[in-house]
Amino acid sequence: MVLAGAGAGGLWAAIPAWLRTRFNANEILASLMLSYVAWLLLSYLVYGPWRDPAGLNFPQSILFGEAALWPNLWEGTRLNASILVTVVAVPLVWLFVARRFVGFQLRVGGLAPDAARSAGFAAGRAVWIGLLAGGVAAGLAGVGEVAGPLGQLQPAVSPGYGFAAIIVAFLGRLHPVGIVLASLLMSLLYLGGESAQITMQLPNAISGMFQGLLLFFLLGADVLVGHRLRLVR
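Residues numbered from 1 in each chain as written. Predicted model: local features only at pLDDT ≥ 70, side-chain atom pairs only at ≥ 80, totals over all residues. Heavy atoms only, no water.

Right, let's get into helix α4 (residues 101-111). By the burial criterion, the buried members of α4 are Gly103, Gln105 and Val108. Buried residues along α4 sit in contact with α3 (83-99), α5 (113-118) and α6 (123-150). (Buried < 20%, exposed > 50% of the residue type's maximum accessible area, 1.4 Å probe, protein only. Helix = DSSP H or I, 4+ residues; strand = E, 2+ residues; numbered from the N terminus. Contact = heavy atoms within 4.5 Å.)

Structure, rendered in C-alpha cells:
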C-alpha cells in the first residue's frame, strides 16, 4: 500500500510536470484542477466497484484488515506509525535541499529563475524533480490517512488538507523543520474549529477563515518587511 500510494502520487504529479515542460502550462493551476479529477475518480470507485456490499449503500469501501492498517502508537488517540515516515523524511529532505547540488539548483531556480538559466541549470529537470517529490510525499500522506485513522476509503478522505498545505509551506518558510512546526499549528486550527463547532455552535468554516487570515497576514508581513510605506504629497 505504501509503495502503491507513493508511486500513484508520483505518476499523478507527472501530469502537471509534463504539461509544464511540454506546453509551459502553469503547474499550480494544473495540479489544483487535477485534484478535482482525483476526487471524482475516488467518488466513482467508492460509489461503484469498490463500494462495500454490506455498507447499507453508503459510499465507502470495506473496512481494511488489521494487516492493512498502520499500528496505533498511543492508545486512545489517532497517532499511528505513519508519523515515523515524517520523522525519517524531514532530515532526508533537509539534507537533500541544503547539502546536495541538485537541491541548490532547485532553490536557485525557485528564487531566481533568470540566474538559474544564466548558470546553465536545467529548468525542466527542476520541475520534474520538484513535482515528482511532492507527488510521492502526497501519496505517502494519503496512505497514512486512509490506512491510519480512517481505515477505509471514503469520498471525503481529505477535508482540504492539500489546500491547507499551501499555507503550511508559506508559514514554514519552505524549510523542512519549519513546515513540521507550521503543520502542528494548522492541526490546532482544524481541531479548534471542530471544538468550536461542537461547543459554541459556530460554523465549521470558521477554521477555514482563520487559515485564510493567517496566510493573508503572512503575505502582508512579507511585503512590509521588503518595502517601506511612505506618504507622498
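Here the narrative resumes, following the displayed structure.
Summed over the entire model, instances satisfying the criterion amount to four salt bridges. Glu145 serves as the salt-bridge partner of Arg78, at 3.9 Å between the closest nitrogen and oxygen. Residue Arg78 is found in the loop between α2 (27-47) and α3, and its partner Glu145 is found in helix α6; the two are separated by 67 residues along the sequence. Across the pair Arg117 and Asp114 runs a salt bridge whose closest N-O atoms are separated by 2.3 Å. Of this pair, Arg117 and Asp114 both sit in helix α5, three residues apart, which is roughly one turn of that helix. Comparing Arg117 with Asp114, the two get one shared label, exposed. (Salt bridge = Lys/Arg side-chain N within 4 Å of Asp/Glu carboxyl O.)

Under the counting rule described, the total for this entry stands at six aromatic pairs. Each ring, one from Trp18 and one from Phe23, has its centre 5.3 Å from the other, and the planes form 85°; the classification is edge-to-face. An aromatic cluster is built from Phe101, Phe104 and Phe121, whose rings are joined through pairwise contacts. (Phe/Tyr/Trp six-rings, centres within 6.5 Å; stacked < 30°, edge-to-face > 60°.)

This next bit is on the side chain of Ser207. For Ser207, the location among the structural elements is in helix α9 (residues 205-226). Exposure remark for Ser207: the relative accessible area of 8% places this residue in the buried category. Ignoring sequence-local partners within four residues, the contact set of Ser207 consists of Leu189 and Gly193.

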